[in-house]
Amino acid sequence: MKPRRSSNDASRRYHDRVARKYDAIYDDRYWEFHDRLTWQAVKPHLPRDAGAECCDLGCGTGKWGLKLLKSGFSTTFVDQSAAMIEQTRAKLPAMGAKAEKAKLLVADIVDLSVLESDRFELILAMGDPLSICSDAWRAVREMHRICKPGGVVIATADNKLAVVDHYLEKGDIDGLEQLLKTGKTHWLTADERERFELTAFTPGELHRLFERSGFEIVKLAGKTVLPIRMFKDFLKSDRDFDRLLELETELSRDSSAAAKGSHLQVIARKGR
């Protein structure tokens, strides 16, 4: 009997396949808008100590870890996809001497046992690795373990409330019921062998996940709250781009607005 392929295997196959074109997939004005919001949230939490270590979990092709590296911090890049790690490695020579501060690791975020406890002052987990991984509870516990006391984790996840319309539009009440009970949905790719399970969270569920893992919640916001992805033409104008960015930033200050976000972003601190 053939062993049953796990959702994690499917996720790895998908990310291995798209690694070389991954940056191109996310190269448009909406993702520029999205990335400006992300870095705007990260910057206030950059360590003050230049010798601090940072970690980019689910790093993909290294977008956020490379920004940390460029800022002068020793950065560990972690991804379950070896192909994604190789894409990151290929970008390191352009960083000059700062590349020496990079460490690359192929690993699943639910098991980071090769990394020491209480090590990183800033941990990023962007691109929803919490939703993609097989066990979000274990992943957040691992984040807490490797985070330095007083350190910060910034992570994103799929918003369960943003997926509801998808099931109603399809007339799939069974799927909707499953989603609301378990948070489980799927990433749908053209190749059925690569379709992998996702876990979506309500803002309250994500808040509790981090709180029960020992973190203090600094902020939980939707990203994006404005449905900009459906109206990308507004982003063609630099003036409108900046105006919408200001409006999105203002909305994100109201925690209740997170419920309308296409994704969720949590900023959490480990106690000293």
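Procedures and definitions
- Residues numbered from 1 in each chain as written.
- Predicted model: local features only at pLDDT ≥ 70, side-chain atom pairs only at ≥ 80, totals over all residues.
- Heavy atoms only, no water.
- Salt bridge = Lys/Arg side-chain N within 4 Å of Asp/Glu carboxyl O.
- Helix = DSSP H or I, 4+ residues; strand = E, 2+ residues; numbered from the N terminus.
- Buried < 20%, exposed > 50% of the residue type's maximum accessible area, 1.4 Å probe, protein only.
- pLDDT = per-residue confidence, 0-100.
- Contact = heavy atoms within 4.5 Å.
- Core = buried A, V, L, I, M, F, W, Y, C linked by side-chain atoms within 4.5 Å.

A. Looking closely at the pattern of salt bridges. Counted according to the given criterion, the structure contains 19 salt bridges. We note a salt bridge from Asp242 to Arg36, for which the minimum N-O separation is 3.5 Å. One end of the pair, Asp242, is in helix H11 (residues 238–252); the other, Arg36, is in helix H3 (residues 29–42), with 206 residues separating them in the sequence. Judged by its relative accessible area of 38%, Asp242 is partly exposed. Residue classification places Arg36 among the partly exposed residues on the basis of a relative accessible area of 37%. Residues Glu205 and Lys160 are paired through a salt bridge, measuring 3.0 Å at the closest nitrogen-oxygen approach.

B. Representation of unusual backbone geometry. The omega torsion across Lys223 and Thr224 is -5 degrees, close enough to zero to call that bond cis. Mapped onto the elements of the fold, Thr224 is located in the loop between strand E8 (215–222) and H11. With a phi close to 55 degrees, Asp118 is a non-glycine residue in the positive phi region. Relative to the helices and strands, Asp118 is located in the loop between strand E3 (102–106) and strand E4 (120–125). Overall, Asp118 belongs to the partly exposed group, its relative accessible area being 39%. Backbone geometry places Asp128, a non-glycine residue, at a positive phi of 65 degrees. Its place among the elements puts Asp128 in the loop between E4 and helix H6 (129–132). Asp128 gets classed as buried once you look at its relative accessible area, which sits at 11%.

C. Fine view of the confidence of the model for the protein. Looking at the protein as a whole, the pLDDT averages 93, with 95% of positions reaching at least 70. Within the model, the stretch residues 1–5 combines pLDDT values under 50 with 2 contacts to residues more than four positions away or in other chains.

D. View of the nonpolar core. Core analysis: the largest hydrophobic core is formed by 34 residues, its most contacted members being Leu57, Leu130, Met143, Leu206 and Phe210. Of all the secondary structure elements, the ones that give two or more residues to this core are strand E1 (53–57), E4, helix H7 (136–146), strand E5 (147–159), helix H10 (203–212), E8 and strand E9 (263–270). By residue number, the principal contributor to this core is H7, which donates 5 residues. If near-sequence neighbours (up to four positions away) are discounted, Met143 is found in contact with Leu57, Ile109, Ile123, Ala125, Leu130, Val153, Phe210 and Phe215. Membership of the second largest hydrophobic core comes to 13 residues, among which are Cys54, Trp64, Leu124 and Met126.

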